[in-house]
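Observations on the model geometry
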Amino acid sequence: MKQDAQKKLRIQQRDERRAASRQRQEQAKEDALQQAIKTRGLKLDAEASSEGGSTELAALESSAPGGGRVQLDSEGHLQWPVLFLYPEHGQTDFVQSFHEYSCFADHLQIMFSERPPWDEEGKYQPGNLEIFFEDRKTGDFIRVKAEHTLSKVLSHSRYTIRSGTPSFLIIPKGTADSILRKK
């Protein structure tokens, strides 16, 4: 009986060590992700920052359909969930993993290689699109060049990441004034 009790105790201690080890590994990943965001100088909305200025990673959980969360890959690069909004049609696209060094043009080329069913006029073609983000402080819409990487845009002085999901407005060229004025 004493041996059974000792064996159970050793098993319990082993399990506790394993759990503590997993928790340390997860914390190291979280710390690395937090450091990567801080190093890049990315701005998060007030809800995602604690009073001490550190990133609350739980607040980086995407609120977009499909979920997702920013990840740090094995090479130390960020992979973001990104939301594309098409205000003219009330439609959205969710990219679950947009590599920080990928450019917008590459994603648009893939997304619009075929005409979406809601684009009856055929205006949403890769070379005919403009990308904008909204400056949350002023309400201004800032144009993004399709050749820019996600990293370049996220580090823009007027860009703030909200709810853990960068979001961008996509509209056909020549329609910005009419569409963005309505928003």
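Residues numbered from 1 in each chain as written. Predicted model: local features only at pLDDT ≥ 70, side-chain atom pairs only at ≥ 80, totals over all residues. Heavy atoms only, no water.

Count 3.6 residues to each turn of an α-helix, and residues three or four apart come out pointing the same way. Within the sequence span of helix 2 (residues 104-111), burial applies to Phe104, His107 and Leu108. One side of helix 2 carries all its buried residues, which in axial view fall inside an arc of 100°. (Buried < 20%, exposed > 50% of the residue type's maximum accessible area, 1.4 Å probe, protein only. Helix = DSSP H or I, 4+ residues; strand = E, 2+ residues; numbered from the N terminus. Arc of directions from axis to C-beta.)

Among the nonpolar cores identified, the biggest contains 30 residues, and Trp80, Phe84, Phe104 and Phe168 are the most heavily contacted of them. Among the secondary structure elements, those contributing two or more residues to this core are helix 1 (2-39), strand 2 (78-86), strand 3 (91-99), helix 2, strand 4 (129-134), strand 5 (141-144), helix 3 (150-154) and strand 6 (167-172). A total of five residues in this core trace back to one element, the largest contributor, which is strand 2. With sequence-adjacent residues up to four places away left out, Phe84 is seen in contact with Gln91, Thr92, Asp93, Val95, Phe98, Phe104, Met111, Phe168 and Ile170. Membership of the second largest hydrophobic core comes to six residues, among which are Leu169, Ile171, Ala176 and Leu180. (Core = buried A, V, L, I, M, F, W, Y, C linked by side-chain atoms within 4.5 Å. Contact = heavy atoms within 4.5 Å.)

Turning to helix 1, a few remarks are in order. In a regular helix each residue adds 1.5 Å, so 38 residues correspond to 56 Å; helix 1 covers 55 Å between its end C-alpha atoms and thus fits that length. Of all the residues in helix 1, the buried ones are Leu33, Ala36 and Ile37. On its buried face, helix 1 is in contact with strand 1 (71-72) and strand 2. At the exit of helix 1 stands Gly41, carrying a positive phi of roughly 70°. (Expected span 1.5 Å × (residues − 1).)

With that out of the way, let us pick up the environment of Ala36. Relative to the helices and strands, Ala36 resides in helix 1. What makes Ala36 buried here is its relative accessible area of 9%. Sequence spacing of Ala36 and Leu72 is 36 residues, and the spatial spacing of their C-alpha atoms is 8.0 Å. Here Ala36 is in contact with Leu72 and Leu78, once residues within four sequence places are set aside.

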